[in-house]
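Examination of the molecular architecture
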Amino acid sequence: MGSVGPVTCGSGAESNVYFTKGLKMRSFKKAAKIGALVLVAALAVAQAFRIEKTNPPVQSDIRADASVKHILKRSCYDCHSNETVWPWYSNVAPVSWLIADDVNGGRKKVNFSEWGNYPGGTQKRKLEEIGEEVAEGNMPLPIYTIMHRNASLSQEERSHIKNWTQEAVAKLATNSTN
Ligand code: HEC
């Protein structure tokens, strides 16, 4: 079982063992070669499935203090606006698929380029979510900051965003009672 069996090579048991080992090694190498070829072929085929790198027009960009806007642009806009800067590796499948997923998913939840189109109640809810996500460290997505080091937020920047969302929610509340 497992060994090559009745093959006799050389004389005696010892050389038989070497022969069997050699054969196993060779079939392993062959399998690895086939595996690598299959992988290369799959990657080549994957390149045909290109993502759509859209940047629709900016409709009504969010208004905020320059200090807040600066942080949002630096850490959020690639996924939450229509001003995505698509990196070179967004041309390379399968990474490109993950990036497209993040941008599409991100824009769907919060799109700062279409902020003014949201009704007041929606803006309020989204501001609260932004405050929470940033304070808890869920956003920007950790996988993003690996490649975009300067998008990481310091503790002060996180509190700055949190405070801004609270002030903006309060402002919305007074505006809607007028
Ligand atoms: C790499 C892309 C990426 C970056 C950068 C990013 N986000 Fe997100 N964000 C997403 C995705 C994708 C989702 C949707 C997650 C889901 O559906 O579970 C999301 C969801 C959200 C949500 C909604 C959460 C919910 O549960 O509904 C908020 C709020 C948010 N992001 C805020 C931010 C803020 C603020 C920043 C910047 C500080 C930021 N994001 C940076 C990709 C990103």
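Everything below is about the structure shown above.
Quick summary incoming for the structure in this document. The shown structure was predicted, so the numbers you read here are calculated from the model rather than taken from an experiment.

In this fold, Ile-99 is placed in helix H4 (residues 95-109). Look at Ile-99 and you get buried, because 24 C-beta atoms sit within 10 Å.

Glancing now at helix H5 (residues 120-135). A rise of 1.5 Å per residue sets the reference length of H5, with its 16 residues, at 22 Å; its end C-alpha atoms lie 22 Å apart and thus fit the reference within 8%. Taken from the residues just after H5, Gly-137 is the one with a positive phi, measuring 80°.

Our focus in this paragraph is H4. Across its 15 residues, H4 extends 21 Å between first and last C-alpha, which sits within 8% of the 21 Å expected from 1.5 Å per residue. Considered for burial, the residues of H4 that qualify are Ser-96, Ile-99, Val-103 and Gly-106. For H4, the angular spread of the buried residues around the axis is 105°, confining them to a single face. Exposed side chains of H4 directed beyond 90 degrees from the buried face belong to Asp-101, Gly-105 and Lys-108. Each element contacted by the buried residues of H4 is listed here: helix H3 (77-80).

Right, let's talk about the site of the ligand for a bit. Among the 18 residues in the neighbourhood of the ligand, the closest are listed as Cys-76, Cys-79, Gly-105, Gly-106 and Met-139. Breaking the shell around the ligand down by element, the ones donating at least two residues are H3, H4 and H5. Grouping the constituent residues of the shell around the ligand by class yields nine nonpolar, four polar and five charged.

What counts as what
Residues numbered from 1 in each chain as written. Predicted model: local features only at pLDDT ≥ 70, side-chain atom pairs only at ≥ 80, totals over all residues. Helix = DSSP H or I, 4+ residues; strand = E, 2+ residues; numbered from the N terminus. Buried ≥ 20, exposed ≤ 12 C-beta atoms within 10 Å, placed from the backbone. Expected span 1.5 Å × (residues − 1). Arc of directions from axis to C-beta. Contact = placed C-beta atoms within 7 Å. Near = placed C-beta within 6 Å. Nonpolar A, V, L, I, M, F, W, Y, C, P; charged D, E, K, R; others polar.

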